[in-house]
Amino acid sequence: MSVAVTIEAIEKRFENFPALRGVSLDIQPGELVALLGPSGSGKTTLLRLIAGLEEADRGRVLFGDIDTRALSLRDRRIGFVFQQYALFKTMNVADNIAFGLRSRPREERPIASEISKRVKGLLELVQLPGLEKRYPSQLSGGQRQRVALARALAIEPRVLLLDEPFGALDAKVRKDLRAWLRELHGRVGHTTVFVTHDQEEALELADRVAILNAGKIEQVGSADDVYDHPATPFVCEFLGEVNKLPVKVVGSQAFFGDRPVLGGLSQNQGGPASLYVRPQHLRIVDETPLALPGTVEHLRRNGPLRRAEVAVEGLKKRLDVDLASQVAPAIGERVRLRITHGNLFAAA
Ligand SMILES: Nc1ncnc2c1ncn2[C@@H]1O[C@H](COP(=O)(O)OP(=O)(O)OP(=O)(O)O)[C@@H](O)[C@H]1O
């Protein structure tokens, strides 16, 4: 049922604006891929191209080995869920879910009893059994999106496309639905492309994440790949907070000024570079050969974590340090910081 989706060198302009600038991506059958990127990076445009709602200027999209340009919109068999307004307000839940099946030409349309059986099964699948007769206005936002998903699944889609499906819901409901969707995907296994600008959502849900920036894919990989080994400074900054240090690499060590701060580097990165370090990868330590001395200037909370802001001589911006379970230092205290992990990029 699920197909591979191959996106080949897609270019798309709106008048003179290049919305997609040579995007290629191979999606495996049954895979859940998140398209993640800031507003305007081209996520929705790419989704609409896969759906056949936009035409590419160059490049093509394949389902398995079928060039989708040869398929009518209906023959693409796409299940699409949008951020909001996805349901027909004047139809009850059962009619909403059955809509795609009833719109089929007579010879492909299941008989009425088969349709109600399928609607019932889908409502159980999305954990809303017995709500056939309710109207969208009688459902919560989260329930509506689950019905929208049931409707998308009713046509047995080749590919499921979700455009910020939880974007309009509050944080708690969003989190619950995320776990629920992951679990549902594990059971039904459709090839799924999910658009979001929420890093946490993408990293938690997807088998792989494709990070878009200004119409190009900067990196594709598992959550661990993109988070721990970002390919570009953009990916590193987009996925979470990061401190930047100008360093010089000599041999296998990075130096801040004449002080070695990180070792064990591969030998081919010599010269000036930028070292990107996340707040959780800075530790306050007693004594170590590779350490950065500084002064604690500010303490604050960052959600569940405590943060210290440490001023380091020769660096304009203070370093953010996650304290986790470490004992909080006092303001004004001199500390030594050890970098436990960092990413090096060529100096800008
Ligand atoms: N129909 C259109 N006409 C003109 N420009 C468009 C059209 N659709 C999209 N664009 C432009 O193309 C760029 C990419 O838009 P797109 O909606 O794909 O971005 P996005 O990453 O999905 O952003 P968001 O997260 O804000 O939805 C934007 O600059 C947008 O203004």
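Everything below is about the structure shown above.
What counts, and where the lines are drawn
- Residues numbered from 1 in each chain as written.
- Predicted model: local features only at pLDDT ≥ 70, side-chain atom pairs only at ≥ 80, totals over all residues.
- Pairing = 2+ DSSP bridges.
- Helix = DSSP H or I, 4+ residues; strand = E, 2+ residues; numbered from the N terminus.
- Axes fitted to C-alpha atoms, helices over the stretch in contact; angles between N-to-C directions.
- Near = placed C-beta within 6 Å.
- Nonpolar A, V, L, I, M, F, W, Y, C, P; charged D, E, K, R; others polar.

Visitor: Residue-level account of the sheet that holds strand β17 (residues 305-311), with values.
Guide: The strand order β15-β19-β16-β17-β18 describes an open sheet built from five strands, whose pairing is antiparallel. Strand pairing shows two members of the sheet lacking a second neighbour, β15 (282-285) and β18 (319-322), which therefore form its edges. The average undirected angle you get between the axes of adjacent strands in this sheet is 50°. Taken together, the four bridges between β17 and β18 define a ladder with antiparallel strand orientation. Note that in β18 the partner of valine 310 across the bridge is leucine 319.

Visitor: Describe the sheet that holds strand β1 (residues 5-14), naming the residues involved and giving the relevant values.
Guide: Spatial ordering of the open sheet is given by β2-β1-β4-β5, a layout of four strands whose pairing is antiparallel. In this open sheet, the two strands that pair with only one neighbour each are β2 (17-27) and β5 (66-67). Alignment of β1 against strand β4 (residues 58-63), held across five bridges, turns out to be antiparallel. If you follow isoleucine 7 over to β4, its bridge partner there is valine 61.

Visitor: Summarise the site of the ligand; cite the residues concerned and give the values.
Guide: Neighbouring the ligand are the residues Phe14, Phe17, Ala19, Gly37, Ser39, Gly40, Ser41, Gly42, Lys43, Thr44, Thr45 and His197. Mapped by element, the contributors of at least two residues to the shell around the ligand are β2 and α1 (43-51). Sorting elements by how many residues they give to the shell around the ligand places α1 first, with three residues. Per-class residue counts for the shell around the ligand are three nonpolar, eight polar and one charged.

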